[in-house]
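Geometric and topological summary
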Amino acid sequence: MFVDEAKILVKGGDGGNGCVAFRREKYVPRGGPSGGDGGHGGSIYVEANPNDNTLLRYRYNREFKADRGRHGEGSNCTGVSGEDMILKVPVGTLVFDGQSEEQLADLKKPGQRILVAHGGKGGRGNQHFAKPWHQAPREKEDGEPGEERQLRLELKLLADVGLVGFPNAGKSTLISVISAARPKIANYPFTTLEPNLGVVNADGGTGGHGTELGRTFVVADLPGLIEGASEGAGLGIRFLRHVERTRLLAHLIDTSDMAEMDPVKAFEVIEGELAAFSEALTEKPMLVVATKLDATTDRTKLEELRAFCGGKNLEFHAISAATGEGVKELVRGMADALDKIPKEGLEEETEAEEVHEIKKAKDVKETKGSDTA
């Protein structure tokens, strides 16, 4: 099951209570306070994991609590701190505060993490309250509760190329031909109910025996759109968020004799749905791909679509995924187009976010250390 949104509750571990105790040592006639501090509660982090591709694990288990700190003990023994909890999410997950809807993080890189719930500080034992005028204190502090908050996780698949188009336009067939992905393929609308990702090798290298692997990129087969999708028709806008992550759009249009809609009209409808969802989608580089050449005997509509794309300066390809006609040229065209599109400085943004989170975690540890001292 593909799950791309989840709401969860996270709570850092509570801090342990400080202890009230007094020494009873040989040759120490009056002893003194020896109550240890409570341990700090564990914190909760969210981390991008390249081995996950869905938020399914958060569909049924929605509450996560880190370990609490243990209470302090006599002989100035500090309680054991609770272990931190790390929640694994797919790369490309957005983390939002569940109440304010503030975006807390955009986990674009494997291993990137964010601290989402601080553990509570441990309370001080009575050893800290000893004064020359108060040598047998019985005061101590209770541990602080861990931070609790609601989070909303939203997955946007990270892909270089997004395949869009009407249901049954040939998207699943194409991705099964150009990659190792094996989506369900059938001759009826809405066969694809969840996105599929496939890695494409544009230059045919294997990388074995010292040879070059060549250019590779990730293609996302996104479930079919229909007119009114931006208003909830069909599968609605549920999967349009995944289009936002792609660098290049490949708009597949059925030009076969069995196509019910005029190809130019089909292009305009899907363009309108993308624009209704986000104007930024209309600014993305795009290829137009006419599909099912093997089932096209009258090529009048195909040529009309080619001329239409020429007038809009859109790169045009005509293919048959079933016979392989034009597929290699399309794959190389995708790779050439991606070579011209910058990656929008994702690495610099990610590094800045990582430095910020590392500094934040370091500041928290220093604060805890100073309190313990």
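Above this note sits the structure.
So, here's what we can say about the structure.

Grouped together as the largest cluster of nonpolar side chains are 27 residues, with contacts concentrated most on Val243, Phe267, Leu274, Val288, Leu305 and Phe316. Contributions of two or more residues to this core are made by α3 (240-243), β12 (248-254), α4 (263-277), β13 (286-291), α6 (300-311) and β14 (315-318). Of all the elements, α4 adds the most residues to this core, at six residues. With sequence-adjacent residues up to four places away left out, Leu305 is seen in contact with Ile253, Thr255, Pro263, Val264, Val288, Ala290 and Phe316.

It is worth spelling out the environment of Gly79 at this point. Inspection of the secondary structure puts Gly79 in the loop between β3 (63-65) and β4 (85-90). Put simply, Gly79 and Gly123 are 44 residues apart on the chain and 9.8 Å apart in space, counted from C-alpha to C-alpha. Excluding its chain neighbours within four sequence positions, the residues that come into contact with Gly79 are Asp37, Gly38, Gly39, Arg70, His71 and Gly72.

A separate point is the sheet that holds strand β5 (residues 93-97). The strand order across the open sheet built from five strands is β3-β1-β8-β5-β6, with neighbouring strands paired in mixed fashion. On the outer flanks of this sheet lie β3 and β6 (103-107), each paired with one strand and no other. Strand-to-strand twist of the sheet, defined as the mean angle between neighbouring strand axes without regard to direction, takes the value 25 degrees. Pairing of strand β1 (residues 5-11) with β3, which is carried by three bridges, proceeds in the parallel orientation. Across the sheet, Val10 pairs through a bridge with Phe64, a residue of β3.

We now examine the sheet that holds strand β10 (residues 196-201). Taken together, six strands build an open sheet; the order of strands is β10-β11-β9-β12-β13-β14 and the sheet is mixed. Every interior strand has two partners, whereas the edge strands, β10 and β14, have only one. Strand after strand, the sheet turns through a mean of 25 degrees between neighbouring axes, direction not considered. Relative to β13, β12 runs parallel, the two sharing six bridges.

Within a regular strand, the side chains alternate between the two sheet faces. Counting buried residues along β12, seven of its seven residues qualify, which places the element largely inside the surrounding structure. Side-chain alternation along β12 places Leu248, Ala250, Leu252 and Asp254 on one buried face and Leu249, His251 and Ile253 on a second face that is also buried. Bridge analysis of strand β9 (residues 161-164) against β12 gives four bridges, and the strand direction is parallel. Looking at the pairing, Val164 lines up with His251 of β12.

Summed over the entire model, instances satisfying the criterion amount to two aromatic pairs. Look at Tyr58 and Phe64: their rings are 5.5 Å apart centre to centre, the planes differ by 70 degrees, and that puts the pair in the edge-to-face class. Residue classification places Tyr58 among the buried residues on the basis of a relative accessible area of 2%. Residue classification places Phe64 among the buried positions, given a relative accessible area of 10%. Ring centres of Phe267 and Phe308 lie 5.4 Å apart, and the angle between their planes is 70 degrees; this geometry places the pair in the edge-to-face category. Taken together, the positions of Phe267 in helix α4 and Phe308 in helix α6 put the pair 41 residues apart, joining distant regions of the chain. Phe308 carries the same exposure label as Phe267, and that label is buried. Across the ring face of Tyr45, the terminal group of Arg113 is positioned such that the distance to the ring centre comes to 5.2 Å.

A few words on α4. For the α-helix, the turn length of 3.6 residues means that residues three or four positions removed from each other point alike. Under the 1.5 Å per step criterion, the end-to-end length of α4 is 22 Å for 15 residues, consistent within 8% with the ideal 21 Å. Within the span of α4, buried status applies to Pro263, Val264, Ala266, Phe267, Val269, Ile270, Glu271, Glu273 and Leu274. Buried-residue contacts for α4 involve α3, β12, α5 (279-282), β13 and α6. The backbone nitrogen of Val264 lies 3.2 Å from a side-chain oxygen of the residue at the head of α4, namely Asp262.

The next subject is helix α7 (residues 327-339). In this model, α7 (13 residues) spans 19 Å end to end at C-alpha, consistent with the 18 Å of a helix rising 1.5 Å per residue. Taken as a whole, α7 has its buried residues at Val327, Leu330, Val331, Gly333, Met334, Ala335, Ala337 and Leu338.

Thresholds, definitions, all that
Residues numbered from 1 in each chain as written. Predicted model: local features only at pLDDT ≥ 70, side-chain atom pairs only at ≥ 80, totals over all residues. Heavy atoms only, no water. Core = buried A, V, L, I, M, F, W, Y, C linked by side-chain atoms within 4.5 Å. Buried < 20%, exposed > 50% of the residue type's maximum accessible area, 1.4 Å probe, protein only. Helix = DSSP H or I, 4+ residues; strand = E, 2+ residues; numbered from the N terminus. Contact = heavy atoms within 4.5 Å. Pairing = 2+ DSSP bridges. Axes fitted to C-alpha atoms, helices over the stretch in contact; angles between N-to-C directions. Phe/Tyr/Trp six-rings, centres within 6.5 Å; stacked < 30°, edge-to-face > 60°. Lys NZ or Arg CZ within 6 Å of the ring centre and 35° of its normal. Expected span 1.5 Å × (residues − 1). Polar contact = N/O pair within 3.5 Å; in protein donor to acceptor, adjacent residues only side chain to side chain.

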